[in-house]
Amino acid sequence: MIPTHLICGPLGIGKTTAIIDYLRRHAADQFTAVLVNDFGPVGLDAAIMEADIGSAARDRTSIHMLPGGCVCCTAAAGLIGAMEQLSAMPRLDRIIIEPSGLALVGGMIDLVLDLAEKHRLELRPVIALVEPRLLDRAGFHKAPYYVRIVEAADVLVANRCDLATAVQIDAFDQWAADLFPPKLRIVKTTRGHIPDEVFDLRYDHQPRRGDVRRAGHSAGEQAGGTSWPADVCFSADAVLDLLGEWSRSGFGGNDILRLKSLLHTNDGWQLFEIAQREVHHRSTDYRRDNRIDWIASGPVLDEVIRGQFERCFWK
């Protein structure tokens, strides 16, 4: 299986610089293919990468340009064709895909997973570059462009920390710590340097069950969580009906004070929430697993909540 990485992030965040840094460090020990999905037709990012990696890395790197701006739609055929070429290579140790900052990352993850078995790909945790200074921008936390990149990522790399103030770094730390679900790794760096340990991370496909956490909640409250593999599919309507009932009447004699769930449904990946006795839901680019976290006013059996959600499986 060939380790395959998606390194995503907004336009100009330093994705190309990060990949060049990795290629230079590993020119002597591996052959890497890089698929660059530039937003323009000329392919400047690919040209810059070829010019900057140096002769040693250039001999052990295969760089492919995928023009069109969004590999999950207009350039999908280019990615499929590139995978056909790469699978015929006698040796390939790693694939790095750099989507355009305009790309829909969730769609790209789905596309790579569709190609994985045929081309012996092992999709590794998705890496997203962000910049602490961006958090100061009005609307950053609500803008779908940024939200969906962050939600799709398993690893967050805070780049250009040397240009941020201490206050901005502290704000980033607090924001990142509050993300749901927690990221596999959060890294702070400069000049796009991503530590090797990030590239060595792999998905833990074991479902998380009965993860009860009582610390940090009021007396008598109970927090819990559970999960299913990503290929399990739920009925979006059934989940909305279930959560609507819980928001009105509680569950097991207790109120559901807070609930968050990321679920693969018949209507795509969705974020469902109960907050202030109201149900909210929207589309998301999260792809790692199906999961639920909740806080109840009193003891609630994890297995019972799990069973209620399993009645919402898509038939």
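Residues numbered from 1 in each chain as written. Predicted model: local features only at pLDDT ≥ 70, side-chain atom pairs only at ≥ 80, totals over all residues. Heavy atoms only, no water.

Trainee: How should the overall build of the protein be read in this particular structure?
Mentor: Looking only at helices and strands, the protein features 10 helices and 13 strands. Counting every position in the protein, which comprises 315 residues, the buried fraction comes to 54%. Restricting the contact set of the protein to residue pairs at least 6 apart, pairs at least 24 apart contribute 78%. As displayed, the protein has an accessible area near 14,500 Å², and 52% of this comes from carbon and sulfur atoms. (Helix = DSSP H or I, 4+ residues; strand = E, 2+ residues; numbered from the N terminus. Buried < 20%, exposed > 50% of the residue type's maximum accessible area, 1.4 Å probe, protein only. Contact = heavy atoms within 4.5 Å. Areas by Shrake-Rupley, 256 points an atom, 1.4 Å probe, with all protein chains shown as cover.)

Trainee: What's the story with the packing of aromatic side chains in this structure? I'm lost.
Mentor: A full pass over the atoms with the stated rule returns nine aromatic pairs. Ring geometry for Phe172 and Trp175: centres 5.7 Å apart, planes at 50°, overall tilted. Note that Phe172 and Trp175 are positioned in helix H7 (residues 166-177) at a spacing of three residues, about one turn of the helix. A relative accessible area of 0% places Phe172 in the buried class. With a centroid separation of 6.4 Å and an interplanar angle of 40°, the aromatic rings of Trp228 and Phe309 are classed as tilted. With Trp228 in strand S9 (residues 222-228) and Phe309 in helix H10 (residues 302-310), this pair connects stretches of sequence that are 81 residues apart. (Phe/Tyr/Trp six-rings, centres within 6.5 Å; stacked < 30°, edge-to-face > 60°.)

Trainee: Teacher, can you tell me more about the side chain of His64 here?
Mentor: Looking at the secondary structure, you find His64 in strand S3 (residues 61-65). Setting aside chain neighbours within four positions, we find His64 in contact with Val34, Leu35, Val36, Gln85 and Leu86.

Trainee: How should the pairing of strand S6 (residues 127-130) be read in this particular structure?
Mentor: What you see with S6 is no split at all: Ile127 and Leu129 on one side and Ala128 and Val130 on the other are buried throughout. Where S6 lies against strand S7 (residues 155-158), four bridges are found, and the strand directions are parallel. The partner of Leu129 across the bridge, within S7, is Val157. (Pairing = 2+ DSSP bridges.)

Trainee: In this structure, what is going on with the pairing of strand S12 (residues 278-283)? I would like to understand it.
Mentor: In regular strands, side chains alternate between the two faces of the sheet. In this sheet, S12 lies alongside strand S11 (residues 268-275) in antiparallel orientation, the contact comprising six bridges. Bridge pairing in S12 links Gln270 to Ser283. Between S11 and S12, which follow one another and run antiparallel, lie two residues, and Gln276 among them has a positive phi close to 55°.

Trainee: Mind showing me how you'd approach the pattern of salt bridges here?
Mentor: Two side chains of opposite charge can pair, provided their charged atoms sit close to one another. Scanning the model with the defined rule gives 18 salt bridges in all. We note a salt bridge from Arg291 to Asp289, for which the minimum N-O separation is 3.1 Å. Pair check on accessibility: Arg291 and Asp289 agree, each one buried. Within this structure, Asp21, Arg25 and Asp196 form a network of salt bridges that share partners. (Salt bridge = Lys/Arg side-chain N within 4 Å of Asp/Glu carboxyl O.)

Trainee: How should I be thinking about a nonpolar patch on the surface in this particular structure?
Mentor: Judged by side-chain polarity, Leu11, Leu102 and Tyr145 come together as a nonpolar surface patch covering roughly 270 Å² of accessible area. Structurally, the position occupied by Leu102 is in the loop between strand S4 (94-98) and helix H5 (105-119). With a relative accessible area of 47%, Leu102 lands in the partly exposed category. (Patch = residues over 30% accessible without salt bridge, like charges linked within 9 Å, V, L, I, M, F, W, Y side chains within 5 Å.)

Geometric descriptors of this kind do not, in isolation, establish any biological role.
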